[in-house]
Amino acid sequence: MEDKNNQMKKSSSLNLSLPSPENGIYDEEKQSSSSDSPSKTSKRKPGGWRAMPYVLGNETFERLASIGLLANFMQFLLTVFHMDQVAASNVLNIWSGVTNFIPLLGAFLSDAYIGRFWTIAFASVFEMMGMLTLTFIPWLSQLHPPPCNPQVGQHCKGPNKSQLGFLVMGLGFLSIGSGGIRPCSIPFGVDQFDSTTDEGRKGIASFFNWYYTSFTVVLIIALTLVVYIQDSVSWVIGFGIPTVLMFLSLILFFIGTRVYVYVKPEGSIFSGIVQVFVAMHKKRKLKLSDERQSNGVFYDPPLPKGSIVKKLPLTNKFRSLNKAAIVMEGEINTNGTPTNTWRLCSIQQIEEVKCLLKIIPVWATGIICFTAMAQQGTFTMSQALKMDRHLGPKFQIPAGTLSVISMITIGIWLPIYDQLIVPSIRKITRIEGGITLLQRIGIGMVFSILSMVVAGQIEKVRRNSAIMHSSGDGIAPITVMWLAPQLILMGFAEAFNIIGQIEFYNKEFPENMSSLANSLFSCTVAGASYLSRFLVNILHNTTGGHGHPDWLTKDINEGRVENYYYLIVGLGVLNLFWFIYVARRYQYKTRLEVDDGIKPYSEVHELEEMKY
């Protein structure tokens, strides 16, 4: 690693060679005797497929444990904790919001301080503690309200402060665990392969295939077998099985410590983002119109050797940020590095921040869309509990299993879409994916709106049937499969919108911001959870009156849940119009392959009449 001294030249940019950072891929021949410890920085070859049984095994057991524990949690709160719909929905929405924001902190700590291995290790311990805590709740009678049967007129006592506090503690441990595991699991798996070789790149691609395949299998098992045990056998066993699986996940993860590749933390992208804004503020009085004549040149060093990040040119979007790259006297060391990174930033840093800023409006539109999708785990389950869930004379479908319908829809649709529909559309649009990513996201929004319209109509049918037959348990004598249409539509919404969002973030962000890109979708889920909680509480406190219960009252047959669905429809329509406005003005960073060569998204954007 050599420092190179370059003379500053007055031109449109300044090229300076910087010391290349260590890439974290270690050479086994230089490994020291203590290299099996993840705290060491000795060098070794990538673990490759030798590490995959431990990495994928850990991931599979951890996901099966966490999803199996929480897939049926709404019903647990309603039937074991005797909460009403609003209180149970608030608990889930608050917990989901915290759980999906905290990965940003986990990503920061991992990248800047302790590395991915120790982040996952500490997080797994917290996740195990959370699962043990929640397993104790149905096991020990003093940790949950006494059982009751409201169908025979018994009054159901809700949780006291101690019981609620124990529940919150368990969910808090799970949030901390998720905050460390979610942002680091995929990158840690990728770390095991050497991306500079063909074999390593093939290994990474194969890892992703195995990762998502195992994820799908885990979801199906968790939403069928585990939920059935919770619903029909025992909550203690239903929670205990995921806890045991999490323990096996933790053991398996530590068994692989002698095989893993450990990439040292090299600093967080969040620090670079803050540096750009601080440097811009310090140079806010500079004028951009004549900086080349009076203020020197822009700081534009080359990227480190071997970097997979693509060089970004200086643009005029968010032009005031460009001030952070103006070189003033004494701001460059003899080796080409800035004397103060909080006063001078590179063009690459600035353009990376611009990528984030221009994506934020698109990201914000996903919150309302996901609010519709989130109803599968709350009020859709409340509907299912008041419908006939029998398949045959003895078997009863667990309410928490119904979301499998959405997954099956995705599993059937995606191969058809990728293998049959995309090639046909590609011939017309000359776009690699058939349609642009923003078009795909927009189509998903339309399906989410349609899903809520259908959900509202079906809820009216369900409630009218329950009132007409007036059974003691309040269950409508119609099959729970009436909920299938709204869940199928929601499956299409997820297939277009969610997958489109994830691909959009990963392609539009620079390569070194992939951890942030992967965290954005979690932030979307968090935003949707808080918006859902806000709407639920507003409706609960403002609707009803004059002898009529509110829309979301405890007895779903007395409420008007369909009006809540229609409110989400109205917000979704407004959100769709805003999305179209934003998408029509978005300029893509990514390029696509078309039939006659390679053109940027922006060129295709100008050629097509449908611009989003």
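- The protein appears in an unreviewed UniProt entry as Protein NRT1/ PTR FAMILY 2.13 from Nicotiana tabacum.

**A word on the nonpolar core**
Phase 1 of the analysis: Leu 438, Met 452, Phe 504, Tyr 505, Phe 509, Leu 552 and Tyr 564 are the most contacted members of the largest nonpolar core, which totals 66 residues.
Phase 2 of the analysis: Breaking this core down by element, the ones donating at least two residues are α8 (269–282), α10 (347–374), α13 (437–469), α14 (484–508), α15 (514–542) and α16 (561–584).
Phase 3 of the analysis: Take this core: its biggest share by element is 13 residues, from α10.
Phase 4 of the analysis: Looking at which domains feed residues into this core, each of domain 2 (268–302 + 309–345) and domain 3 (357–585) gives three or more.

**Quick look at the packing of aromatic side chains**
Phase 1 of the analysis: Scanning the model with the defined rule gives 36 aromatic pairs in all.
Phase 2 of the analysis: An angle of 85° between the planes, with centres 6.3 Å apart, marks the rings of Tyr 260 and Tyr 262 as edge-to-face.
Phase 3 of the analysis: A relative accessible area of 7% places Tyr 262 in the buried class.
Phase 4 of the analysis: Ring pairs connect the aromatic residues Phe 117, Trp 118, Phe 122, Phe 188, Phe 253, Phe 254, Tyr 260 and Tyr 262, which therefore count as one cluster.
Phase 5 of the analysis: In this arrangement the basic side chain of Lys 317 is found over the ring face of Phe 318, its NZ or CZ atom lying 5.4 Å from the centre.

**What to know about helix α4 (residues 161–181)**
Phase 1 of the analysis: When the terminal C-alpha atoms of α4 are compared, their 30 Å separation across 21 residues agrees well with the 30 Å that a helix rising 1.5 Å per residue should span.
Phase 2 of the analysis: For α4, the complete set of buried residues consists of Gln 163, Leu 167, Gly 170, Leu 171, Phe 173, Leu 174, Ser 175, Gly 177, Ser 178, Gly 179, Gly 180 and Ile 181.
Phase 3 of the analysis: For α4, the secondary structure elements touched by its buried residues are α1 (52–70), α2 (73–79), α3 (85–139) and α5 (185–191).
Phase 4 of the analysis: Among the residues of α4, the N-terminal cap falls to Asn 160, whose side-chain oxygen and the backbone nitrogen of Ser 162 are separated by 3.1 Å.

**Here we look at empty space enclosed by the protein**
Phase 1 of the analysis: This model, assessed by the stated rule, comprises three cavities of 30 Å³ or more.
Phase 2 of the analysis: The space that makes up the largest cavity amounts to roughly 60 Å³.
Phase 3 of the analysis: Taken together, Ile 368, Cys 369, Ala 372, Met 445, Ser 448, Ile 449, Met 452, Ile 568, Val 569, Gly 572 and Asn 575 form the lining of the largest cavity.
Phase 4 of the analysis: Counting residues per element, the ones that place at least two in the lining of the largest cavity are α10, α13 and α16.
Phase 5 of the analysis: Each residue belonging to the lining of the largest cavity can be placed in one class, and the counts come to eight nonpolar, three polar and no charged.

**Structural notes on unusual backbone geometry**
Most of the time, phi is negative for any residue but glycine, and the peptide bond is trans.
Phase 1 of the analysis: Residues other than glycine seldom take positive phi values, yet Phe 318 does so here, at roughly 50°.
Phase 2 of the analysis: Assignment of secondary structure puts Phe 318 in the loop between α9 (291–294) and α10.
Phase 3 of the analysis: When its relative accessible area of 34% is taken as the criterion, Phe 318 is described as partly exposed.

**Some thoughts on the environment of Val 276**
Phase 1 of the analysis: Looking at the element boundaries, Val 276 is found in helix α8.
Phase 2 of the analysis: Accessibility expressed as a relative area gives 0% for Val 276, which makes it buried.
Phase 3 of the analysis: Sequence spacing of Val 276 and Thr 341 is 65 residues, and the spatial spacing of their C-alpha atoms is 8.8 Å.
Phase 4 of the analysis: Setting aside residues up to four positions removed in sequence, Val 276 forms contacts with Leu 321, Ala 324, Cys 345, Gln 349, Ile 350 and Val 353.

**A short note on the pairing of strand β4 (residues 476–479)**
Each regular strand shows side chains that alternate between the opposite faces of the sheet.
Phase 1 of the analysis: Only one face of β4 is covered, namely the face carrying Ala 476 and Ile 478; the face carrying Pro 477 and Thr 479 is uncovered.
Phase 2 of the analysis: Sheet topology note: the strand β1 (residues 387–388)/β4 ladder contains two bridges and is parallel. When the bridges of β4 are listed, Met 387 appears paired with Ala 476.

**Quick notes on the pattern of salt bridges**
Phase 1 of the analysis: On inspection of all chains with the given rule, the structure shows seven salt bridges.
Phase 2 of the analysis: The salt bridge partner of Asp 191 is Arg 116, with a shortest N-O separation of 2.7 Å. Taken together, the residues Asp 191 in helix α5 and Arg 116 in helix α3 connect sequence positions 75 residues apart.
Phase 3 of the analysis: Here Lys 354 and Glu 351 are joined by a salt bridge, their closest N and O atoms 3.0 Å apart. One end of the pair is Lys 354 and the other is Glu 351, both in helix α10 and three residues apart, which spans about a single turn. Here the two residues Lys 354 and Glu 351 agree in accessibility, since each one is buried.
Phase 4 of the analysis: Connected via shared salt-bridge partners are Lys 283, Glu 331 and Arg 343.

**As for the side chain of Thr 133**
Phase 1 of the analysis: Structurally, Thr 133 is set in helix α3.
Phase 2 of the analysis: The class of Thr 133 is buried, set by a relative accessible area of 7%.
Phase 3 of the analysis: Within polar-contact distance, the side chain of Thr 133 engages the backbone oxygen of Met 129 at 2.8 Å.
Phase 4 of the analysis: Those residues in contact with Thr 133 that lie beyond four places of it in its chain are Phe 166, Met 169, Gly 170 and Phe 173.

About the criteria used
- Residues numbered from 1 in each chain as written.
- Predicted model: local features only at pLDDT ≥ 70, side-chain atom pairs only at ≥ 80, totals over all residues.
- Heavy atoms only, no water.
- Core = buried A, V, L, I, M, F, W, Y, C linked by side-chain atoms within 4.5 Å.
- Buried < 20%, exposed > 50% of the residue type's maximum accessible area, 1.4 Å probe, protein only.
- Helix = DSSP H or I, 4+ residues; strand = E, 2+ residues; numbered from the N terminus.
- Domains from an automatic or database assignment.
- Phe/Tyr/Trp six-rings, centres within 6.5 Å; stacked < 30°, edge-to-face > 60°.
- Lys NZ or Arg CZ within 6 Å of the ring centre and 35° of its normal.
- Expected span 1.5 Å × (residues − 1).
- Contact = heavy atoms within 4.5 Å.
- Polar contact = N/O pair within 3.5 Å; in protein donor to acceptor, adjacent residues only side chain to side chain.
- 1 Å grid on protein atoms, 1.4 Å probe; cavity = no way out; pocket = protein on both sides within 12 Å on 5 of 7 lines; lining within 4 Å.
- Points joined across faces, edges and corners; volume = space filled by probe spheres on them.
- Nonpolar A, V, L, I, M, F, W, Y, C, P; charged D, E, K, R; others polar.
- Pairing = 2+ DSSP bridges.
- Salt bridge = Lys/Arg side-chain N within 4 Å of Asp/Glu carboxyl O.

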